[in-house]
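Chain residues, written in single-letter form:
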Amino acid sequence: MAGTGHGTGSDGFPTSARDAVSTLFHLHHRRLVGLASLLVDDHGSAEEIVQDAFESLYRRWNGLRDPNAAVAYLDRSVVYGARSWVRRRVTARSFTPPEAGVEASAEHAAVDGRRKEELAEAIRALPQRQREVVVLRYYLDLSEEQIAAWLGVSTGSVKKHAFRATAALQRRMEAWA
Amino acid sequence: MTTLESAIAATLRAEAEEAAMTTDTPTEFEVLSSRLDDLDASQRRRRRTWLVAAAAAVVLAVVAAVVLRPTSAPVAPAQPDAGSGIVFRSLVFDRPFSLRLPAWYAEVGREATQESEQRVTFNRCPGDPVCIGLDVYAFTPTTAPGGGATRPGMMAAYDSLAASGALRLTDRLDREVGGLAATTFSVIVTRTVEDGLGCFDNGSCEGFYERDEARYAVVETPDGLVVVGMRTFADNPYADEWLAQFDQVLDGMRFGADREPAPSPAPRTELSGVWETTLTRPDIEQVLAAAGLSAYLDRALAELPRDRDRRWTVQLWVDATRLRASLITEDGVPDLVDTRFYSWDGSRLTLVTEDGAYRSVFEADRADGRLRLTPVSVTGAPVDGVPIEVFERMLYETAAFRRAD
């Protein structure tokens, strides 16, 4: 019965599903689009994945036992949503640098800027599972144990993907140096 | 962190910030609002709302805040629980059941804390020194663990979670619940599995949570599998004692045709039983016009389930103290729209919500075995800008009720 009632709970959090989800949207929408964009290659899909995450949160608000867990739920929904998107697009996975990235790179005169652009390209070119591990580890600051739980793999598997990813990025950066 | 790792983190932050800056949050919020409106409209048939809207807010607050620990010291249960003698009978749950309420819940309520087609919750958490909850779930077969088509399939899925180290299953027992095959087991959760217990047809799921200690039953009912669970916090010093009562609770459950026919064994009144009537749009229009409430017609009709024939059957289930009104949709599913305490003096019916926020008095005419209700006073805050009188007249005044039991 989502969407009925208004007010706030004892912890100051809106008790109406609609109010709560609206509040969370305004607080976290931009950040989540940023997260999604690290996992998929086009901006429109990133926005769609974030929309899906908020709709999913709204659907299950009554079953959510801890409103403070809602943010983690959204983060996780975005990661899972991105994974589903990638699976649907798996045949198109061979990496092509986006046009916007090329233009942005051309506009960056500073060496640091170019290096950052090259690193971003290299991250986007990683196999999807390695890319997920890198984003969760270095963007969301999750521990290896947390990443394992999120992705449903062993901690050893996370270590392996992280090692391969950083090794590949290291090689790419050395090649560009 | 190495230089490379620092560079990766900085690059990811910059990339994410750039993407975030190019999104139009106000426009995206409009898109989300539209999507949620569509979702609400599609679920309207499932909602049991208007007069209980205020109570619903309380329910949401309770469910949302369930992570809070009880505010006073936990207490030990009575051993054994004598039971309450009050029978809860599901009206909207997909797999009909009755439950003799345990004494610990009957102290705080005779109705479920939350009831929908796929979930019924009896909750005494948080902030209650007993702090215990009882849930009945009807998971969707295709999305439930293990496919959910069979009890062994469900148990195999839980065993798989146990094998992964997320759970420990103990005290497993094959038994009967209400004469039906069932498996009961206790769970100690070592790692939260958000969708581990099962999923509903709207895509939401129920999981196993680290902070809970729980005991479950998977029951093969004539209408499909039902999962029943009783939970308390793992740090409740009396958790084991509370959960030991779970099997007694199961003894008071009946499913399908065997469920107990009366919502309560309490004494009957002249109104006790089932009453029924049919609403049509022209009749509703006429009643609201006579009361000077025509301006609210469309908004009132929007709260009714969608029905091709524009006819709605209203059923009143009346026991000794409570009146529950349901709308029966064209697919035969009852949609609970009102539940209130009542008093009856032979000519006047007074309906009051549990929190006292809504109170209506009706003059009653019982000629020819029919019950015709006319509101004489209505108090309570509007719901979404619609005066409560609109709903009272539409639901109770539009047409006379006839006995249906």
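For the structure itself, consult the block above.
Parameters at a glance
Residue numbers restart at each chain and count upward from 1, following the sequence in its written direction. Lettering for chains starts from A, numbering for ligands starts from 1, and both go in the order in which the items are written. Given that this is a predicted model, residues contribute local features only at a pLDDT of at least 70 and side-chain atom pairs are listed and counted only at 80 or more, while totals for whole chains, interfaces and linings are drawn from all residues. Remark: hydrogens and water are excluded; side-chain values derive from all non-hydrogen atoms of the structure. Any carboxyl oxygen of Asp or Glu within 4 Å of a side-chain nitrogen of Lys or Arg constitutes a salt bridge here. Only runs of H or I of at least four residues qualify as helices and only runs of E of at least two qualify as strands under DSSP, and these elements are numbered from the N terminus. A 1.4 Å probe rolled over the protein chains alone gives each residue an accessible area, and that area as a share of the maximum for its type sets the label: buried under 20%, exposed over 50%, partly exposed in between. For helices, the fitted axis covers only the stretch in contact; all axes are lines through C-alpha atoms, and the angles between them, taken along N-to-C directions, range from 0 to 180 degrees. Oblique is the label for any angle not under 35 degrees, not over 145, and not in the 65 to 115 range, which are roughly parallel, roughly antiparallel and roughly perpendicular in turn. In this description, contact between two residues means that some pair of their heavy atoms is separated by no more than 4.5 Å. Residue classes follow a fixed rule: Ala, Val, Leu, Ile, Met, Phe, Trp, Tyr, Cys and Pro count as nonpolar, while Asp, Glu, Lys and Arg count as charged, and any other residue, Gly among them, counts as polar. Two N or O atoms form a polar contact when they lie within 3.5 Å of each other; inside protein one atom must be a possible hydrogen donor and the other a possible acceptor, and for residues adjacent in sequence the pair counts only when both atoms belong to side chains. Only Phe, Tyr and Trp rings take part, Trp by its six-membered ring, and two of them pair if their centres are within 6.5 Å. Stacked means planes under 30 degrees apart, edge-to-face means over 60, and tilted covers everything else. Only when the NZ atom of a Lys or the CZ atom of an Arg is both within 6 Å of the ring centre and within 35 degrees of the ring normal do we say a charge sits over the ring. The nonpolar core is taken to be a set of buried Ala, Val, Leu, Ile, Met, Phe, Trp, Tyr and Cys residues, with the residues joined through side-chain atoms within 4.5 Å.

## A short note on the pattern of salt bridges
In total, this model carries 26 salt bridges over all chains according to the counting rule given. Across the pair Glu15(B) and Arg124(A) runs a salt bridge whose closest N-O atoms are separated by 2.6 Å. Taken together, the residues span two chains, with Glu15(B) in helix H1 (residues 3-21) and Arg124(A) in helix H5 (residues 111-124). The partner of Asp159(B) in a salt bridge is Arg172(B), with the nearest N and O atoms 2.7 Å apart. Of this pair, Asp159(B) sits in helix H5 (residues 151-163) while Arg172(B) sits in strand S6 (residues 167-177), and the two are 13 residues apart along the sequence. Assessed through its relative accessible area of 43%, Arg172(B) is described here as partly exposed. When salt bridges that share partners are traced, they join Glu48(A), Asp52(A), Glu55(A) and Arg35(B) into one network.

## Observations regarding the packing of helix H6 (residues 128-138) of chain A against H1(B)
The N-to-C vectors of H6(A) and H1(B) enclose an angle of 90°; their axes lie 9 Å apart at closest approach. Comparing their axes, H1(B) and H6(A) come out roughly perpendicular. Contacts between H6(A) and H1(B) involve Val134(A), Val135(A) and Tyr138(A) from the former and Glu5(B), Ile8(B), Ala9(B) and Leu12(B) from the latter. Looking at side-chain class alone, the contact of H6(A) with H1(B) contains six nonpolar, no polar and one charged residues.

## Re the environment of Tyr209(B)
Residue and element names in this part refer to chain B. Along the chain, Tyr209 turns up in the loop between strand S9 (205-208) and strand S10 (212-221). Taking the relative accessible area as the measure of exposure, Tyr209 reaches 5% and is therefore buried. Separated by 42 residues in sequence, Tyr209 and Leu167 place their C-alpha atoms 9.7 Å apart. Reaching out from Tyr209, the side chain makes a polar contact with the backbone nitrogen of Gly207 at a distance of 3.4 Å.

## Re the packing of aromatic side chains
By the definition in use, this model includes 14 aromatic pairs over all chains. Ring centres 5.4 Å apart and planes at 50° place the aromatic pair Phe25(A) and Phe29(B) in the tilted group. Residue Phe25(A) is located in helix H1 (residues 17-39), and its partner Phe29(B) is located in helix H2 (residues 25-43); the two belong to separate chains. For Phe25(A), a relative accessible area of 0% gives the class buried. Put simply, the rings of Phe88(B), Phe93(B), Phe97(B), Trp104(B), Tyr105(B), Phe122(B) and Phe255(B) touch in pairs and so form one group of aromatic residues. Over the ring of Tyr58(A) we find Arg18(A), and its NZ or CZ is 5.9 Å from the ring centre. Note that Arg137(A) overlies the ring of Tyr138(A), its terminal NZ or CZ placed 5.6 Å from the centroid.

## A word on the nonpolar core
Membership of the largest hydrophobic core comes to 57 residues, with the highest contact counts inside it found for Phe54(A), Ile8(B) and Leu12(B). Ranked by the residues each element gives to this core, the list is headed by H1(A), at eleven residues. The residues contacting Phe54(A), other than those within four sequence positions of it, are Val21(A), Leu24(A), Phe25(A), His29(A), Leu32(A), Leu74(A) and Leu32(B). Grouped together as the second largest cluster of nonpolar side chains are 36 residues, Trp275(B), Leu288(B), Val314(B) and Leu316(B) included.

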